Amino acid sequence: MQFRSPFFLTYLTNSLLVMYLPLWQVWLLCGAVGKSAASNNTSLTVLNDGSEEDDTINELHDDNLYGDEVRDGSYNQIPTYSNSIPSAPKAEPYTHWDVIQVALVIAPLYVLSNGLYNYSLFMTSVSSSTIISNLSGTFTFAFSYYLGLEGFTYGKIFGIVACFLGAVCVGLNDSEKSDGASGGSMGESSAMGDSVAFFGAVCYGLYTTVLKYKIPDDNGISMQLLLGYVGLINVIFLAPVLICLALLGIEQLSHLTGAVVGFMVLSGFFNNVISDYLWARSVVLTSSTVATVGLSITIPLAMISDFLVQGEAPTGLSASGAILVIIGFCLVNVSKEVESELYFYVCDLLGLQSAYERVAKEVMLTSPIKRKSSELQVAEP
């Protein structure tokens with residue numbers, strides 16, 4: 001089955017997202033959408049009923065948090081809190097126009113990232129496209145760090161490098177296989193195709209970062225509604241472009257058959273409608289870098305699938321790549337606090353930790369109340 005119309009492939013698969021608009025309306029009528037553009041008044045209102053305020057006060061008065069000083073009476077300055085804690089302002093509900101404005105910013109980056117990747121598959125080898133596309137994790141972290149969405153950690157740096165090296169190993173293994181098979185013109189690597197894949201990785205990093213920047217948390221906006229408007233924008237604005245390309249003969253649509261279109265719709269349903277929704281949710285719930293690097297987990301999963309379904313055992317190079325990807329994904333999820341704990345633990349084992357660093361460890365890794373208690377214990381004669 002030969003198909004060489006990457007723009008039509010991008011247009012059709014991205015347009016499938018529009019099905020989220022009627023689905024969102026159905027879910028809204030059924031009460032399945034709790035945080036939507038039509039009814040959102042739950043954000044930042046947990047203090048209004050006083051329950052969280054009471055829990056905070058009870059927690060602060062828990063004797064276990066103060067240590068022995070509280071029970072002995074030596075620590076008399078127990079902080080007290082009045083009932084005048086200001087309540088957080090209610091979040092204004094998102095309107096459809098607010099969601100459309102976000103979609104107008106995200107849609108071009110979404111189309112460019114998918115379109116450039118599809119074009120790269122037709123212009124260079126699959127292995128080269130896979131390796132270069134995994135640079136998106138690097139660009140995502142760089143953009144997120146520049147915008148202040150994520151902080152610098154060594155775990156993220158080493159994790160991104162490990163995932164990229166794993167993709168390189170898998171790509172080199174696939175390249176060796178393609179060299180042994182009959183190679184066509186579409187399997188030959190080209191500088192232009194590599195450049196297209198590179199810019200696709202940049203656009204993917206931008207798309208991920210902008211999505212997190214526009215939707216920093218899970219309060220308010222409906223991801224189904226947002227992706228539905230992204231699909232609608234794709235249908236409206238890219239239809240004239242597709243018609244022009246078809247009339248100019250750039251996009252060959254005469255060879256399209258029902259089987260080809262059906263396969264594209266099925267593929268787009270899983271790769272765009274379902275997969276992109278789950279991935280966008282992961283961006284909001286975690287971080288841009290974690291979600292982007294997490295896509296590399298498809299490498300070891302695909303390897304396991306090949307072994308179970310086709311009985312194809314992984315080679316040493318591909319197995320090494322899969323292990324690097326898993327290690328990289330774990331490192332990216334290491335927080336700054338865990339890094340600090342590991343640092344002090346290693347220093348303790350090696351005997352390199354000074355008294356000042358021990359105090360710094362208590363200050364960095366304990367709660368404010370326990371930290372105050374620790375400072376009093378150090379000051380005692």
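About the cut-offs
- Residues numbered from 1 in each chain as written.
- Predicted model: local features only at pLDDT ≥ 70, side-chain atom pairs only at ≥ 80, totals over all residues.
- Heavy atoms only, no water.
- Salt bridge = Lys/Arg side-chain N within 4 Å of Asp/Glu carboxyl O.
- Buried < 20%, exposed > 50% of the residue type's maximum accessible area, 1.4 Å probe, protein only.
- 1 Å grid on protein atoms, 1.4 Å probe; cavity = no way out; pocket = protein on both sides within 12 Å on 5 of 7 lines; lining within 4 Å.
- Points joined across faces, edges and corners; volume = space filled by probe spheres on them.
- Nonpolar A, V, L, I, M, F, W, Y, C, P; charged D, E, K, R; others polar.
- Helix = DSSP H or I, 4+ residues; strand = E, 2+ residues; numbered from the N terminus.
- Expected span 1.5 Å × (residues − 1).
- Arc of directions from axis to C-beta.
- Core = buried A, V, L, I, M, F, W, Y, C linked by side-chain atoms within 4.5 Å.
- Contact = heavy atoms within 4.5 Å.
- Axes fitted to C-alpha atoms, helices over the stretch in contact; angles between N-to-C directions.
- Parallel < 35°, antiparallel > 145°, perpendicular 65-115°, else oblique.
- Left-handed = near helix turned anticlockwise from the far one by under 90°.
- Phe/Tyr/Trp six-rings, centres within 6.5 Å; stacked < 30°, edge-to-face > 60°.
- pLDDT = per-residue confidence, 0-100.
- Patch = residues over 30% accessible without salt bridge, like charges linked within 9 Å, V, L, I, M, F, W, Y side chains within 5 Å.
- Areas by Shrake-Rupley, 256 points an atom, 1.4 Å probe, with all protein chains shown as cover.

Draft legend 1. Fine view of the pattern of salt bridges. Enumeration over the complete set of coordinates arrives at 1 salt bridge. One salt bridge in this structure joins glutamate 150 and lysine 156, with 2.8 Å as the shortest N-O distance. No difference in accessibility class separates glutamate 150 from lysine 156, as the two residues are buried.

Draft legend 2. Quick peek at empty space enclosed by the protein. Tallied over the full model, the rule gives 1 cavity of 30 Å³ or more. Empty space within the largest cavity amounts to approximately 30 Å³. Lining the largest cavity are Ile215, Asp217, Asp218, Asn219, Ile221, Met223, Arg281 and Val284. By residue class, the composition of the lining of the largest cavity is 4 nonpolar, 1 polar and 3 charged.

Draft legend 3. Inspection of the environment of serine 127 at higher detail. By secondary structure assignment, the location of serine 127 is in helix 6 (residues 126–133). Taking the C-alpha atoms as reference, serine 127 lies 6.8 Å from leucine 172; in sequence the two are 45 residues apart.

Draft legend 4. A look at the side chain of threonine 153. With respect to the secondary-structure elements, threonine 153 resides in the loop between helix 7 (136–146) and helix 8 (154–180). On the basis of relative accessibility, which here comes to 6%, the residue threonine 153 falls in the buried class.

Draft legend 5. Expanded view of helix 14 (residues 316–332). Taking 1.5 Å of rise per residue, the 17 residues of helix 14 would be expected to cover 24 Å, and the 24 Å separating its terminal C-alpha atoms lies within 8% of that figure. Within helix 14, burial applies to Ser318, Gly321, Ala322, Val325, Gly328 and Val332. Each buried residue of helix 14 lies within a common arc of 125° when the element is viewed along its axis, so the set occupies one face. Seen from the open side of helix 14, the exposed residues pointing more than 90 degrees away from its buried face are Gly316 and Ile323.

Draft legend 6. The nonpolar core, seen in detail. Ranked by internal contacts, the top residues of the largest apolar core, which has 32 residues, are Ile106, Tyr207, Leu211, Ile215, Met223, Leu226 and Trp279. For this core, the elements supplying multiple residues, two or more each, are helix 2 (20–30), helix 5 (96–123), helix 9 (191–214), helix 10 (223–247) and helix 11 (258–285). Apart from the residues within four sequence positions on either side, leucine 226 is in contact with Val99, Val102, Ala103, Ile106, Leu211 and Ile215.

Draft legend 7. Up close: the layout of surface pockets. Of the volumes computed, that of the second largest pocket is approximately 150 Å³. Taken together, Phe7, Thr10, Val111, Leu112, Gly115, Leu116, Tyr119 and Leu238 make up the full set of residues lining the second largest pocket. Elements that contribute at least two residues to the lining of the second largest pocket include exactly helix 1 (6–15) and helix 5. Counting residues per element, the lining of the second largest pocket draws most heavily on helix 5, which supplies 5 residues. Grouping the amino acids of the lining of the second largest pocket by side-chain chemistry returns 6 nonpolar, 2 polar and no charged.

Draft legend 8. Representation of the packing of helix 1 against helix 11. The contact between helix 1 and helix 11 brings their axes to 8 Å, and the two run at 55°. One element, helix 1, and the other, helix 11, form an angle in the oblique class. As helix 1 runs across helix 11, the sense of the crossing is right-handed. Between helix 1 and helix 11, the contacting residues are Phe8, Leu9, Leu12, Thr13 and Asn14 on the first element and Val261, Met264, Val265, Gly268 and Asn272 on the second.

Draft legend 9. Focus on the packing of aromatic side chains. In total, this model carries 12 aromatic pairs according to the counting rule given. Summarising the aromatic geometry, the rings of phenylalanine 139 and phenylalanine 143 are spaced 6.4 Å apart at their centres and angled 25° between planes, so their arrangement reads as stacked. With phenylalanine 139 and phenylalanine 143 both in helix 7 and 4 residues apart, the pair spans about one turn of that helix. Given the relative accessible area of 23%, phenylalanine 143 is considered partly exposed.

Draft legend 10. Summary view of the confidence of the model for the protein. Scored by pLDDT, the protein has a mean of 74; 70% of the residues are at 70 or more. Looking over the protein, one finds the lowest element-wise mean pLDDT in helix 3 (residues 51–60), namely 43, and the highest in helix 10, namely 92. Every residue in residues 35–91 is under pLDDT 50, and counting partners more than four places away or in other chains gives 73 contacts.

Draft legend 11. Layout of helix 13 (residues 298–310). Across its 13 residues, helix 13 extends 17 Å between first and last C-alpha, which sits within 8% of the 18 Å expected from 1.5 Å per residue. When we look at burial in helix 13, the residues that qualify are Ile299, Pro300 and Met303. Looking straight down helix 13, one finds its buried side chains confined to an arc of 100°; they lie on one side. Among the exposed residues of helix 13, those pointing more than 90 degrees away from its buried face are Leu301, Leu308 and Val309. Taken from the residues just after helix 13, glycine 311 is the one with a positive phi, measuring 70°.

Draft legend 12. A nonpolar patch on the surface, seen in detail. Taken together, the side chains of Leu266, Phe269, Phe270, Ile274 and Leu278 present a nonpolar region at the surface, about 460 Å² in accessible area. You can see phenylalanine 270 is positioned in helix 11. Since its relative accessible area comes to 47%, phenylalanine 270 is described here as partly exposed.

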